Amino acid sequence: MEQNSPALPTPEAPTLPVTDPAALAARTFLARYTSGTRVTYTFALRRYFNWCADQGVPPMLIKRPLLEAYVRSMGEDGLARATVSQQLGIIRTFYKTCVLDEYLDKDPSVLVKGPRNWRDDSQLVSMSRWQLSDLFKAAHEDPTERCAVALMGALGLRVSEASALRIEDTQHEAQSHRVIRFIGKGGKPATIPLPVNVQRAIDACIGDRAEGPLLVRRRGPKQGEAHDRRSLAWIVQRLGVEAGIPFKVHPHMLRHAFVSTALDTGLDLRTVQIAARHADPRTTAMYDRARHALDRHAVHTVGSYLGGIV
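In what follows, the accompanying structure is described. (Residues numbered from 1 in each chain as written. Predicted model: local features only at pLDDT ≥ 70, side-chain atom pairs only at ≥ 80, totals over all residues. Heavy atoms only, no water.)

**Observations regarding the packing of aromatic side chains**
Any aromatic ring pair is given by two values, namely how distant the centres are and how the planes are angled relative to each other. Under the counting rule described, the total for this entry stands at 10 aromatic pairs. Both rings, one in Phe29 and one in Phe94, keep their centres 5.5 Å apart while their planes meet at 75°; by these two values the pair is edge-to-face. With Phe29 in helix 1 (residues 21–30) and Phe94 in helix 4 (residues 81–100), the pair connects residues that are 65 residues apart, well separated along the chain. You can call Phe29 buried: its relative accessible area is 1%. Here the aromatic residues Phe29, Tyr33, Tyr41, Tyr48, Phe49, Trp51, Tyr70, Phe94 and Tyr95 are joined through ring pairs into a cluster of three or more. (Phe/Tyr/Trp six-rings, centres within 6.5 Å; stacked < 30°, edge-to-face > 60°. Helix = DSSP H or I, 4+ residues; strand = E, 2+ residues; numbered from the N terminus. Buried < 20%, exposed > 50% of the residue type's maximum accessible area, 1.4 Å probe, protein only.)

**Considering the sheet that holds strand 1 (residues 172–174)**
A sheet is described by the order of its strands in space; here 3 strands give the open sequence 1-2-3, paired in antiparallel fashion. Because the sheet does not close on itself, it has two edges, and the strands there are strand 1 and strand 3 (189–193). Neighbour-to-neighbour, the strand axes of this sheet turn through a mean angle of 45°, independent of strand direction. As paired strands, strand 1 and strand 2 (residues 177–183) are joined by 3 bridges and run antiparallel to one another. Bridge assignment links Ala174 to a residue of strand 2, and that residue is His177. (Pairing = 2+ DSSP bridges. Axes fitted to C-alpha atoms, helices over the stretch in contact; angles between N-to-C directions.)

**Concerning helix 4**
If you check helix 4, its first and last C-alpha atoms are 29 Å apart, about what 20 residues at 1.5 Å a residue would give, namely 28 Å. Val84, Gln87, Leu88, Ile90, Ile91, Phe94, Tyr95, Thr97 and Cys98 are the residues of helix 4 that are buried. Residues of helix 4 that are buried sit in contact with helix 1, helix 2 (35–55) and helix 3 (64–76). After helix 4 finishes, the residue Glu102 shows a positive phi value of roughly 65°. (Expected span 1.5 Å × (residues − 1). Contact = heavy atoms within 4.5 Å.)

**A word on the pattern of salt bridges**
Throughout the structure, instances matching the rule amount to 11 salt bridges. Asp228 is paired through a salt bridge with Arg217; the nearest N and O atoms lie 3.7 Å apart. Of this pair, Asp228 sits in the loop between helix 8 (196–206) and helix 9 (229–242) while Arg217 sits in the loop between helix 8 and helix 9, and the two are 11 residues apart along the sequence. Taking relative accessible area as the criterion, Asp228 reaches 34% and is therefore assigned partly exposed. Of the residues examined, Arg217 reaches a relative accessible area of 16% and is grouped as buried. Through salt bridges that share partners, Glu145, Arg238 and Glu242 make up one connected network. (Salt bridge = Lys/Arg side-chain N within 4 Å of Asp/Glu carboxyl O.)

**Quick word on the pairing of strand 3**
Burial along strand 3 is one-sided: Ala190 and Ile192 are buried, while Pro189, Thr191 and Pro193, pointing the other way, are not. Where strand 2 and strand 3 come together, 5 bridges link them in antiparallel fashion. Among the inter-strand pairings, Ile183 is bridged to a residue of strand 3, identified as Pro189. Turn length for the strand 2-strand 3 hairpin, with the two strands adjacent in sequence and antiparallel, is 5 residues, and the turn residue Gly186 shows positive phi of about 75°.

**Concerning the packing of helix 6 (residues 143–153) against helix 10 (residues 251–264)**
As a packed pair, helix 6 and helix 10 sit with axes 7 Å apart at the nearest point and diverge in direction by 50°. For the element pair helix 6 / helix 10, the angle class is oblique. Together, Val149, Met152 and Gly153 of helix 6 and Pro251, Leu254, Arg255 and Phe258 of helix 10 make up the contact between the two elements. Classifying every residue of the contact of helix 6 with helix 10 gives 5 nonpolar, 1 polar and 1 charged. (Parallel < 35°, antiparallel > 145°, perpendicular 65-115°, else oblique. Nonpolar A, V, L, I, M, F, W, Y, C, P; charged D, E, K, R; others polar.)

**Topic: the packing of helix 10 against helix 11 (residues 269–276)**
Contact geometry of helix 10 with helix 11 gives a least axis separation of 10 Å together with a crossing angle of 155°. The angle between the axes of helix 10 and helix 11 places the two elements in the roughly antiparallel class. Here helix 10 runs over helix 11; the crossing is right-handed. Where helix 10 abuts helix 11, its residues Arg255, Phe258, Val259, Ala262 and Leu263 lie against Leu269, Val272, Ala275 and Ala276. Residues of the contact of helix 10 with helix 11, tallied by class, amount to 8 nonpolar, no polar and 1 charged. (Left-handed = near helix turned anticlockwise from the far one by under 90°.)

Here is the structure:
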């Protein structure tokens, strides 16, 4: 790497001394984030800083035209439009923070054009209520797998939240309800009441244990260790095959199915947004659009109105 290329800090080493202005700005910027978000942002900034080094331009001195050239280069490198948009969004947030922290006087990312990332809601793959039921049946024999499916499919937990859950988190009571309490995405505390069927799944998974990780491996060389995101993803994928679901199932599909099923029951968007812990109501609305993107299309009404004219 050239001399003017700053070395980005890694998430595992946040206290290394840094003298380069861009690396110092990146360090303070990344310190605002944790876990997966920080890793993603670190990767995006490292890729961008390396490109700046190849161009011989320090990141803190770059101008808008050259930044737009970087956006084009990501597309030329084969990155998907959604990925390019995500990477550009991270860079914009970085420069906006640099201005607020007085590392820069002006934001070079203002008015930078990115690719339009259009979404076709009708092509979103999600599980139906019946497929989710089949997944529960496939997991019925193994208490840990049944509990994992219940946490994500019946409570709407993210896979990272489910894998981090501890037995102690499931033993709380509030307003005459048994609840789970944990720290969710973005460091936000969450309290979720437990339906009776989910309580049974959790208690069967706990067995005679009193503390420790809730979801632990019951066999293999890592027996007794806590499940992580990857192992839970593998379990969900395998259960999808056993349940005969005709597409690859991943953990987020269970959360998606939870939101879609909640909307199918007639709950309003605000109630579902609170249950899903979506910060932006537009995220919940996206699930609602995807449910009946074709069923609700105006052509059905127009066709019926026109009758035999067409």
